[in-house]
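Spelled out, the chains give:
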Amino acid sequence: MNTTASVIPSHSAPFAVQVVTKGTPDVDAICVPVLVNGSVHEALGVDADTLSRAGFSAKIGAVLTLPKNPVTVVATGIGEPGALTAAGIRDAAAAFAGATVHARRLAVLLAPVPNLDVAAAAAAVVEGVLLARYHFDLRTTPAASVPVEELVLVVDSAHEADAQSGADRGRVTARATMLARDLATSPAGMLTATRMADVAASLGAEFGFDVEVFDKQALVELGCGGLLGVNKGSVEPPRMIVMRYRPNGTSTGHLALVGKGIMYDSGGISLKPGDLSHSQMKNDMTGAADILGAMTTLTALGCPAEVTAYLMCTDNMPSGSAMQLGDVLVTRGGKTVEVLNTDAEGRLVMSDALVLAVEAGAEAIVDIATLTGACLRTFGTEIAGLMGNNEGILTQVEAAASATDEPVWRLPLPPRLRADLDSDIADLKNIGGVNAGSITAGLFLQEFVAGTPWAHIDIAGTAQAPAAGRWIPRGPTAFGTRLLVELALGFQSPAAN
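What this report covers is the structure whose coordinates are included nearby. (Residues numbered from 1 in each chain as written. Predicted model: local features only at pLDDT ≥ 70, side-chain atom pairs only at ≥ 80, totals over all residues. Heavy atoms only, no water.)

## Quick look at the sheet that holds strand E10 (residues 306-316)
For step 1, the next point in the chain: An order of E7-E8-E10-E9-E13-E17-E14-E15 is seen for the 8 strands of this open sheet, with the pairing classed as mixed. The two strands at the open ends of the sheet, each matched to only one other strand, are strand E7 (210-214) and strand E15 (408-410). For this sheet the average axis-to-axis angle between neighbouring strands, irrespective of direction, equals 20 degrees.
For step 2, the next point in the chain: Relative to strand E17 (residues 454-458), strand E13 (residues 364-369) runs parallel, the two sharing 5 bridges. Each residue of the ladder has a partner; that of Ala369, found in E17, is Asp458.
For step 3, the next point in the chain: Against the sheet, helix H5 (residues 193-207) touches E7, strand E8 (239-245), strand E9 (254-265) and E10, its axis set at about 15 degrees to E8.
For step 4, the next point in the chain: Against the sheet, helix H13 (residues 437-446) contacts E13, strand E14 (384-388) and E17, and its axis sits at roughly 145 degrees relative to E17. (Pairing = 2+ DSSP bridges. Helix = DSSP H or I, 4+ residues; strand = E, 2+ residues; numbered from the N terminus. Axes fitted to C-alpha atoms, helices over the stretch in contact; angles between N-to-C directions. Contact = heavy atoms within 4.5 Å.)

## A word on the packing of aromatic side chains
For step 1, the next point in the chain: Considering all chains together, one arrives at 1 aromatic pair under this definition.
For step 2, the next point in the chain: Ring geometry for Phe444 against Phe448: centres 5.3 Å apart, planes inclined by 45 degrees, an arrangement best described as tilted. Of the two residues, Phe444 and Phe448, neither departs from the other in class, the shared state being buried.
For step 3, the next point in the chain: Across the ring face of Trp471, the terminal group of Arg90 is positioned such that the distance to the ring centre comes to 5.8 Å.
For step 4, the next point in the chain: Here Arg482 stacks its cationic end above the ring of Trp471, 4.9 Å away from the centre of that ring. (Phe/Tyr/Trp six-rings, centres within 6.5 Å; stacked < 30°, edge-to-face > 60°. Buried < 20%, exposed > 50% of the residue type's maximum accessible area, 1.4 Å probe, protein only. Lys NZ or Arg CZ within 6 Å of the ring centre and 35° of its normal.)

## Side note on the packing of helix H12 (residues 391-404) against helix H14 (residues 481-489)
For step 1, the next point in the chain: The interhelical angle for the contact between H12 and H14, taken along N-to-C directions, is 125 degrees, at an axis separation of 8 Å. Judged by the angle between their axes, H12 and H14 are oblique. Note that H12 runs across H14; the crossing there is right-handed. Contacts from Ile393, Gln396, Val397, Ala400, Ala401, Ala403 and Thr404 of H12 reach H14 at Arg482, Leu483, Glu486 and Leu487.
For step 2, the next point in the chain: A breakdown of the residues in the contact of H12 with H14 according to their chemical character gives 7 nonpolar, 2 polar and 2 charged. (Parallel < 35°, antiparallel > 145°, perpendicular 65-115°, else oblique. Left-handed = near helix turned anticlockwise from the far one by under 90°. Nonpolar A, V, L, I, M, F, W, Y, C, P; charged D, E, K, R; others polar.)

If you want it as structure tokens, here you go:
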């Protein structure tokens with residue numbers, strides 16, 4: 001049985017990725033890509049007319065399995081040659097992986113495709129295959145799908161180096177995403193704030209970033225009243241996990257990442273209803289999980305920016321000592337917050353970290369959080385909300401989202417709605433009115449960044465998928481992990497607005 005007390009399940013999964021230029025790989029199944037109106041590779045053993053008569057179209061995600069001895073061959077559609085992107089390649093690779101759930105050793109013929117970078121295509125194939133076959137299982141009975149143990153990319157010799165580079169990157173980013181999924185899927189009784197800190201410390205030592213853990217007494221000394229207030233109802237102590245990555249050579253800038261780490265969210269005194277959504281609240285720390293996953297990639301991928309990350313971890317529970325409606329919290333820096341809904345807790349724990357990031361001299365701050373149900377109702381489960389105060393950092397987040405196929409959509413932060421957060425007795429209250437819930441949450445967070453370029457990513461909808469599709473499983477998705485990796489790798493200090 002897997003536990004997160006010491007080892008993360010998929011983090012330790014023994015999968016290998018290699019690139020070859022000749023010969024027939026010794027695998028269980030092989031993917032043969034097929035373009036719309038394109039020639040059919042001889043490895044399929046059939047022609048285009050035969051595929052058509054079998055009902056196969058070459059649209060992205062279409063698959064036709066041709067059982068052969070000793071290797072199963074899978075025709076896999078990759079769409080129109082002029083419209084093919086890395087996202088399409090990733091989706092097609094995922095479809096192949098889904099069609100071969102009993103095969104442990106897979107291969108993909110990665111022939112040159114017009115207008116598509118070979119390294120990008122190789123990375124997308126690796127991500128698509130590994131992420132589609134991701135599985136977290138605490139059962140003692142065998143799973144329906146077996147893990148991928150080996151993935152072989154077959155390429156022309158002229159493209160071997162590029163394919164290897166891309167495959168290596170894809171393996172790193174897929175591993176990080178599976179790690180974040182493991183964390184978000186782990187039951188809250190297994191993955192407490194304390195254990196999250198232990199996992200971060202272990203990963204930091206392995207992947208080349210520094211980790212500093214702040215316990216309850218240290219948080220008191222820092223004046224982190226937001227995190228401490230939310231933790232009041234819990235028997236589990238809080239943890240602030242600060243991670244620091246520094247590049248070799250000159251830095252392109254200092255990026256701070258802030259993650260909501262609510263290990264389980266009952267709603268506190270403002271108790272959530274006892275429905276299925278309540279049982280999913282172990283994933284309310286997905287923002288923190290995404291950041292921890294992303295941090296494991298920075299050394300391997302040679303990130304040129306300095307990155308400091310803050311994971312604000314606690315559960316939110318009702319009890320005789322819990323935070324009450326009407327309480328006033330004093331956050332880091334002294335700003336006071338009147339609590340009118342204990343289920344609006346994510347913004348409270350992140351407020352302390354935003355102030356600390358400003359104090360640390362970050363040139364830009366990006367926070368990521370399962371923050372508001374309003375964002376889920378606005379964008380559904382495939383698009384995250386994006387807000388911020390600086391065009392430079394917002395544009396960088398959008399570019400990273402586009403590159404990784406983790407889409408975001410901007411919402412405004414109209415100053416006139418700030419009045420909805422006015423309190424009669426404190427600097428602000430933790431909820432606005434009945435409308436524009438995602439926006440007023442963003443306006444709340446903006447109060448703590450002191451004008452530093454800042455972007456807020458609300459992943460309340462995208463953190464949990466109701467059904468499996470493409471390379472995204474049913475359940476916690478780790479949406480945002482690859483986005484943050486891409487952001488950090490390309491980060492440039494933004495100019496002030």
